Amino acid sequence: MTRADAKVLLEVKGLHANVAGVEILKGIDLVVRAGEVHAIMGPNGSGKSTFAKALAGHPAYEVTAGTATFEGRNIFDMAAEERARAGLFLGFQYPLEIPGVSNAAFLRLAYNTVQGARGKDELDPLEFDDYVREKMKLLEMDASFLDRSVNDGFSGGEKKRNEILQMALLEPRLAILDETDSGLDIDALRVVSGGVNRLLTRDNAVVLVTHYQRLLNYIVPDYVHVMEGGRIIKTGGRELAVELEARGYDWLKGKVAA
Amino acid sequence: MSTVVGATHPYIASLLNGCESGHDQLSWLGERRAAALERANALAVPTTRDEEWRFTDITPLTRVPFQPAVAVPHPGADDVAKFIIPEAGVRLTFVDGMFAPELSANAGLPYGVVVTSLAAGLATHGSVIERHLARHARFEQDVFAALNTARLRDGALVWVAKNQQCPTPVQLLFLSTQKAVAAYPRCLVVAEAGAELTLVEEYASLVDNAYFTDAVTEVAIGDGAQVRHVRLQREARDAFHIATCAVALAKDANYASHAITLGARISRHDLSVRQGGEGAEARLDGLTLIGGRQLADTHTLLDHGRPNGRSRQLHKCIVGGAAHAVFSGKIAVAPGAQLTDSAQESRNLLLSNKAHVDTKPQLEIFADDVKCAHGATVGQLEAEHLFYLQSRGLSEQRARNLLTYAFGAEVIDGIPVPSLVEQLEETVLAETQSAE
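Residues numbered from 1 in each chain as written. Chains lettered and ligands numbered in written order. Predicted model: local features only at pLDDT ≥ 70, side-chain atom pairs only at ≥ 80, totals over all residues. Heavy atoms only, no water.

## As for the overall build of chain B
What chain B contains, in helices and strands, is 9 helices and 22 strands. On C-alpha atoms alone, chain B measures out to a radius of gyration of 21 Å, which is about the 22 Å that the 2.2 N^0.38 rule sets for 436 residues. When the backbone C-alpha atoms are referred to their principal axes, chain B occupies close to 70 × 50 × 50 Å. Out of the 436 residues belonging to chain B, those deemed buried represent 58%. (Helix = DSSP H or I, 4+ residues; strand = E, 2+ residues; numbered from the N terminus. Rg over C-alpha atoms; globule rule 2.2 N^0.38 Å. Buried < 20%, exposed > 50% of the residue type's maximum accessible area, 1.4 Å probe, protein only.)

## A few points about the overall build of chain A
Along its length, chain A carries 7 helices and 12 strands. Relative to a compact globule of 258 residues, whose C-alpha radius of gyration would be 18 Å, chain A shows 18 Å and is just as compact. Dimensions of chain A along its principal axes, counting C-alpha atoms only, are 55 × 40 × 40 Å. Counting across all 258 residues of chain A, residues that qualify as buried make up 53%. Taking as baseline every contact in chain A between residues at least 6 positions apart, the subset at least 24 positions apart corresponds to 70%. Positive and negative side-chain charges of chain A, numbering 31 and 37 respectively, have mean locations separated by a distance of 4 Å. (Contact = heavy atoms within 4.5 Å. Lys, Arg positive; Asp, Glu negative; His and termini not counted. Charge placed at Lys NZ, Arg CZ, Asp CG, Glu CD.)

## A closer look at the sheet that holds strand β4 (residues 61-70) of chain A
Residues and elements named next belong to chain A. Across the sheet, which stays open at both edges, the 4 strands sit in the order β2-β1-β4-β5 with antiparallel pairing between neighbours. Among the strands making up the open sheet, the edge pair consists of β2 (22-33) and β5 (73-74). Looking at chain direction, strand β1 (residues 8-19) and β4 are connected through 8 bridges and run antiparallel. Across the sheet, residue A17 finds its bridge partner in β4, namely V63. Across the face of the sheet, helix α1 (residues 48-56) comes into contact with β1, β2 and β4 while running at roughly 70 degrees to β2. (Pairing = 2+ DSSP bridges. Axes fitted to C-alpha atoms, helices over the stretch in contact; angles between N-to-C directions.)

## Re the domain arrangement of chain B
All names here are of chain B. Domain boundaries assigned for chain B yield domain 1 (43-381) and domain 2 (382-436). Measuring from the centre of the C-alpha atoms in domain 1 to the corresponding centre in domain 2 gives 25 Å. Facing the 29 residues of domain 1 at the interface are 22 residues of domain 2. Both faces considered, domain 1 and domain 2 share a buried interface measuring about 2200 Å² in area, 72% of it formed by carbon and sulfur atoms. Along the contact surface separating domain 1 from domain 2 lie 2 salt bridges. When the shortest N-O distance is used, the salt bridge between E410 and K316 registers 2.5 Å. Here domain 1 is connected to domain 2 by 6 residue pairs in polar contact (both at pLDDT 80 or more). Those elements that provide at least two residues to the side of domain 1 that touches domain 2 are β10 (196-205), β12 (226-234), β14 (254-261), β16 (281-290), β18 (310-319) and β20 (341-350). A class-by-class count of the residues in the side of domain 1 that touches domain 2 yields 16 nonpolar, 5 polar and 8 charged. (Domains from an automatic or database assignment. Buried area = accessible area lost by both parts, 1.4 Å probe. Salt bridge = Lys/Arg side-chain N within 4 Å of Asp/Glu carboxyl O. Polar contact = N/O pair within 3.5 Å; in protein donor to acceptor, adjacent residues only side chain to side chain. Nonpolar A, V, L, I, M, F, W, Y, C, P; charged D, E, K, R; others polar.)

## Points about the packing of helix α7 (residues 383-390) of chain B against helix α8 (residues 396-412) of chain B
All names here are of chain B. At a minimum axis distance of 9 Å, the contact between α7 and α8 shows a crossing angle of 120 degrees. As far as their axial angle goes, α8 and α7 are oblique. Crossing of α7 against α8: the hand is right-handed. Listed contacts from α8 to H385, L386, L389 and Q390 of α7 are E396, A399, R400, L402 and L403. Split by residue class, the contact of α7 with α8 holds 5 nonpolar, 2 polar and 2 charged. (Parallel < 35°, antiparallel > 145°, perpendicular 65-115°, else oblique. Left-handed = near helix turned anticlockwise from the far one by under 90°.)

## Quick look at a negative patch on the surface
A cluster of acidic side chains, namely D121(A), E122(A), D124(A), E127(A) and D130(A), defines a negative patch on the protein surface. By secondary structure assignment, the location of D124(A) is in the loop between α3 (103-117) and α4 (125-138). (Patch = residues over 30% accessible without salt bridge, like charges linked within 9 Å, V, L, I, M, F, W, Y side chains within 5 Å. Areas by Shrake-Rupley, 256 points an atom, 1.4 Å probe, with all protein chains shown as cover.)

## Concerning the pattern of salt bridges
All names here are of chain B. For the coordinates displayed, the defined rule picks out 27 salt bridges over all chains. Across the pair D252 and K251 runs a salt bridge whose closest N-O atoms are separated by 3.2 Å. Judged by relative accessible area, D252 falls into the partly exposed class, the value being 40%. Linking E281 and R310 is a salt bridge whose minimum nitrogen-to-oxygen distance equals 3.6 Å.

## What about the pairing of strand β13 (residues 240-249) of chain B?
Residues in a regular strand point their side chains to alternate faces of the sheet. Residues and elements named next belong to chain B. Buried residues dominate β13, accounting for 10 of its 10 residues. Where burial is concerned, the two faces of β13 agree: the one with F240, I242, T244, A246 and A248 and the one with H241, A243, C245, V247 and L249 are both buried. Bridge count for strand β11 (residues 212-221) against β13 is 10 bridges, and the pairing is parallel. Paired with V219 across the strands is V247, a residue of β13. In terms of strand pairing, β13 meets strand β15 (residues 266-275) through 10 bridges, oriented parallel. Across the sheet, the residue bridging to A248 is R274, located in β15.

## Concerning the packing of aromatic side chains
Following the criterion strictly, the structure yields 13 aromatic pairs over all chains and no others. Ring plane angle 20 degrees and centroid distance 6.1 Å describe the contact between F106(A) and Y388(B), whose orientation is recorded as stacked. Of this pair, F106(A) sits in helix α3 while Y388(B) sits in helix α7, which puts the two residues in different chains. Between F174(B) and Y203(B) the ring centres are 5.1 Å apart and the planes differ by 15 degrees, which places this aromatic pair in the stacked class. Of this pair, F174(B) sits in strand β7 (residues 170-176) while Y203(B) sits in strand β10, and the two are 29 residues apart along the sequence. (Phe/Tyr/Trp six-rings, centres within 6.5 Å; stacked < 30°, edge-to-face > 60°.)

## A word on the pairing of β12(B)
Residues and elements named next belong to chain B. Most of β12 is tucked away, with 7 of its 9 residues classed as buried. Both β10 and β12 contribute to a ladder of 9 bridges, which runs parallel. Bridge assignment links L197 to a residue of β12, and that residue is V227. With 8 bridges joining them, β12 and β14 adopt parallel strand pairing.

Given below as structure tokens:
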């Protein structure tokens, strides 16, 4: 759903970033408004995951040029946790396992930290338990996931559900979901994308980073951007994703977005 | 015939000052103490030139002229309350090495379970004590075990009769209250064939000062018997703690150790597990969490003497500040101890640039059909994990603390006493948050 008068959430201009001294992002421009769904597609190595992590504040990604403002604030002046508290969320392609910390304790700590930073009420363990169980229904997750260690021994699909559960709890203004569809079978994909769809409102936005068009059958994007060589080389509507599915990425190579 | 023998090593001599070997009414006990006194006199304080002590310099210990503990008013029940484990139906408390009956509790043990002071036990269970006391913890080459044995007056006796189960954990609590004294705690634990026991052995302090604990524990586990042994060392930060624990396993015996090291300026824990019967099984879990200028040394020996033995060992160290942790784990497989299945893992987390760990696996295998795996890692918290937590709103420090806590939780969660798990989780969390 796009509205020309909608509030700009994220504005990226001329973003360049290095990883271990190698330039991966070579000038990215992107504007995301409230209520929009964007898809960033592209072949492996095109820089789409790097873009996602640079926005979220991963320490290994060094921004060398350009700006990014999130609701008017320069996010490169903010630590990763400040970005999260401000409402920027990254769904990880490979969520990390933390044996020894229960999922319930982790989720509550994250929830209360973000709530506290936003001046909202924190929940005690009993209150939180009710709250999180309600959110878990959205993702058809069994309550036993609360007692297990964070992502420890979770299947690929379970980890991704747990990521979207965190999104549901932290209520971000902008969620960047990095390859959330990878490793999901068709049922899990339906559940996870159903969860994301129900979290979408006219006040928030989602950027889907994905290699395949498949996810976009479930979460319908307003814009599709194609990345190649560290730049967005083409932007279109949903039909662009369909065309990519049919023709692959090769026909776009060498083209530069107007 | 009370004698004071002039020791060759002046520091040992000072510790032996006043040690008499003549008052025993039981000749076997007198003989063992006399033999220990002789060895204590003959042995020197180990230095870093000794292979078994090369990482651990105990010179600071020898600079303090520790005196034997004297009888002082005992702490009140309120002071001791925080150390009490609610699950434990029976508790023996020792103050500066001496039995404190008024701080002990016995909620009614079933027939076939005895938890009492060694002195009292001699009257009723003399033959059990004679069979095991000073028979497992070898003092011939170990000056601190020899000192303890020479100084042996009292201690704890836990005995579980054949095929009996001790229904609740037994807590042995050793508290220090005096400055500059040396205490010599002693425990004898015997589980006869088919018996089951959970034991919590704890060393703690009511005061923050320098004292010396020289402890010896012996655990004998009969055929098919099972002992779960939690050892908690949280001495004062300025204290010295040197302890030997010797475990003897008979056929199909099962032993699980959960050894937690938190306290003391310098500490040393020697744990030896000797498998004297076929099919015995041992699990050794250890966690050392130290900071500041602490030094904590754990030496373990798993001696597979018979076929079909199985052992699993996980030792973890979390080292902050300018602290120094040592782990030396020896696995020995005797000739003929075929089909031994042994795995050892040493994992270490350094929290600062000045933190230091020495980890040394040693395998001595003299049988050819065995499985012996070992591995060691030393690392810092991983940036990817920190970023994951920060991306969920946690500050970097909070993320570090949570991951540090998680690293220790793997060992703590295995402790078979829920209240202790909870207490230790809080301790570790508080310890890791002190920098926050």
